[in-house]
Amino acid sequence: MKLTHLLLPLGLTATLLAGCAGSVEPQYPPKELQDFTPKVSLDERWDQGIGEGLGRARYPLTPIVDSGTIYAVDETGDLRAIDTDSGETRWEVELGTPISSGIGADSSRLYIGTRNGEVLAIDREDGSIDWKSRVSSEVLAAPQVNSELVVVQSVDGAVTALDRLNGNEQWVYSSSQPALTLRGTGAPRVIEPVSFAGFANGRLVTLDNRSGQPLWDMRVAVPQGRTEVDQLVDLDGQPVLTQDGRLFVTSYNGRLLALEATSGKVLWEHEESSYLTPLVVGNYLFTVNEASHVIAIEADTGRVMWDSDTLEGRSLTAPSFVDGNIAVGDYEGYIHLIDASTGEMSGRVEIGGDGLTLPLLTGNQRLYALSNDGTLVAYDLETLSDRN
């Protein structure tokens, strides 16, 4: 595993890095890309540079697309609203503070977390700040909303609910944190009555949104091994909730679980280590594990439909879905399309930009990618047989 994924305590950093100095073989060496016959083309529609990009720490500044506008921010607080068709900037503001989280949104505002533990509520029409609120520590996970609350999970394991209208604190839930964790925080899954939150200690908790009190909690992953690295059990992927009340949860060094959302009852489980958010499309669940295998699973039963190791070791992003394909980015800045029904490669394009770590955004046969250096590119997809 890569040390760049870790958030290290100060006393351990020098010792651990010294012990890993020199030529160290990665657990999953990146496979070379193989030629294939593409079935889908990715044609660049426009591109734009977003300030300083994700920064040296590669903060998870995932943009958001809604109603013909893509909202994107860089690590310094350069926030832009961009027309999805033309790539033209509708407005741009400097927030004046370093940004550390992706963007959450409702119909009127954007919500962004900062490195100094603030949450900003920003008017979607012009980028003006409506309110600021302090939480307990740095925010890496995009704030999540329902009709009344903005729910924020910070790196110290606290979940804070803020009043959506004015930012006033409503409740705080705190969890215990292990000495060493992956660098990242899973965003809670927030609906009207409850929030589902996963933590670095391997536990999943369902919180009552009226009070912040836990309704049920369970251990998804159990620490094992002799070292603190071996014992990492973070739940860094966001839980995925289906309309029929099933909850899918990934964990590092643990399991992929399908649960009854109301009770936490395990419907099925699959031994799989992942720190990325899975994807549900119809009755299929797609996940990317720590080895960068892309896996398709029957959501009802947990049966593996296909397991593609073609991109093993390439540090893939979380999966997205576009026009019958699973879309992922990799550490070299390639975007890969995989046929969702077969697991075969169907398309590829290189964006570069110092690699891709953020999930790709999709919609209406279009794909958007924000690279680590801040290059934002929109691609139109076309099935190659349609050109004949």
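Notes on the structure in this doc start here. Residue numbering note: each chain is counted from 1, following its sequence as written. Two thresholds apply to this predicted model, a pLDDT of at least 70 for residue-level local features and 80 or more for giving and counting side-chain atom pairs, whereas whole-chain, interface and lining totals are computed over all residues. For side-chain calculations, the full set of non-hydrogen atoms in the structure is used, while hydrogens and water are omitted.

Digging into the pairing of strand β7 (residues 99-105)
- Within β7, 6 of the 7 residues are buried, which leaves the element mostly enclosed by the surrounding structure.
- Judged from the 4 bridges that link them, β7 and strand β8 (residues 109-114) form a sheet pairing that is antiparallel. Along β8, the bridge assignment pairs G104 with Y111.
- Connecting the antiparallel pair β7 and β8 is a turn made up of 3 residues. Relative accessibility decides the category of a residue: with a 1.4 Å probe and only protein chains considered, values under 20% of the type maximum give buried, values over 50% give exposed, and everything between is partly exposed. Helix numbering and strand numbering both begin at the N terminus, where a helix is a DSSP run of H or I of at least 4 residues and a strand a DSSP run of E of at least 2. A pair of strands is labelled paired if DSSP reports no fewer than 2 bridges between them.

Considerations on the sheet that holds strand β34 (residues 375-383)
- With antiparallel pairing, 4 strands are arranged side by side in an open sheet as β2-β34-β33-β32. One side of each edge strand has no neighbouring strand; the edge strands of this open sheet are β2 (40-49) and β32 (361-363). Between one strand axis and the next, the sheet turns by 20 degrees as a mean value, whatever way the strands run.
- Summarising the sheet, β2 and β34 pair through 9 bridges and their orientation is antiparallel. The residue bridging Q48 from the neighbouring strand is L376, located in β34. For helices, the fitted axis covers only the stretch in contact; all axes are lines through C-alpha atoms, and the angles between them, taken along N-to-C directions, range from 0 to 180 degrees.

What to know about the pairing of strand β30 (residues 334-339)
- Judged by how many residues are buried, β30 sits mostly within the fold: 6 of 6 residues are covered.
- Every second residue of β30 is oriented toward a common face, with Y334, H336 and I338 on one face and I335, L337 and D339 on the other, all of them buried.
- As defined by bridge partners, strand β29 (residues 325-329) adjoins β30 across 5 bridges and the pair is classed as antiparallel. Residue G329 lies in a different strand from β30, and its bridge partner there is I335.
- From the end of β29 to the start of β30, which pair antiparallel, there are 4 residues, and G333 there has a positive phi angle of about 90 degrees.
- In the sheet, β30 pairs with strand β31 (residues 345-350) via 5 bridges, with the strands oriented antiparallel. Each bridged residue has a counterpart across the sheet, and for H336 the counterpart in β31 is R348.

A few points about the packing of aromatic side chains
- For Phe, Tyr and Trp, rings pair up if their centres lie within 6.5 Å, where Trp contributes its six-membered ring, and each pair is then called stacked (planes under 30 degrees apart), edge-to-face (over 60) or tilted (otherwise). Here the structure, examined in full by the defined rule, presents 7 aromatic pairs.
- With centroids separated by 6.0 Å and ring planes inclined at 45 degrees, the aromatic side chains of F248 and W268 adopt a geometry described as tilted. In this pair, F248 is assigned in strand β21 (residues 246-249) and W268 in strand β23 (residues 266-271), connecting sequence segments 20 residues apart. Each member of the pair, F248 as well as W268, is classed as buried.
- Measuring from centroid to centroid gives 6.1 Å for F286 and W306, while their planes differ by 45 degrees, and the two rings are tilted. With F286 in strand β25 (residues 284-288) and W306 in strand β27 (residues 304-308), this pair connects stretches of sequence that are 20 residues apart.

Some details on the side chain of S175
- With respect to the helices and strands, S175 occurs in the loop between β14 (169-174) and β15 (181-182).
- Counting of polar contacts relies on pairs of N or O atoms within 3.5 Å, with two restrictions inside protein: one atom must be capable of donating a hydrogen and the other of accepting it, and residues adjacent in sequence are counted only when both atoms are side-chain atoms. Only 2.9 Å separates the side chain of S175 from the backbone oxygen of G157, close enough to count as a polar contact.
- Should any heavy atoms of two residues lie within 4.5 Å, those residues are considered in contact. Apart from the residues lying within four places of it in its own chain, the contact partners of S175 are D156, G157, F199 and N201.

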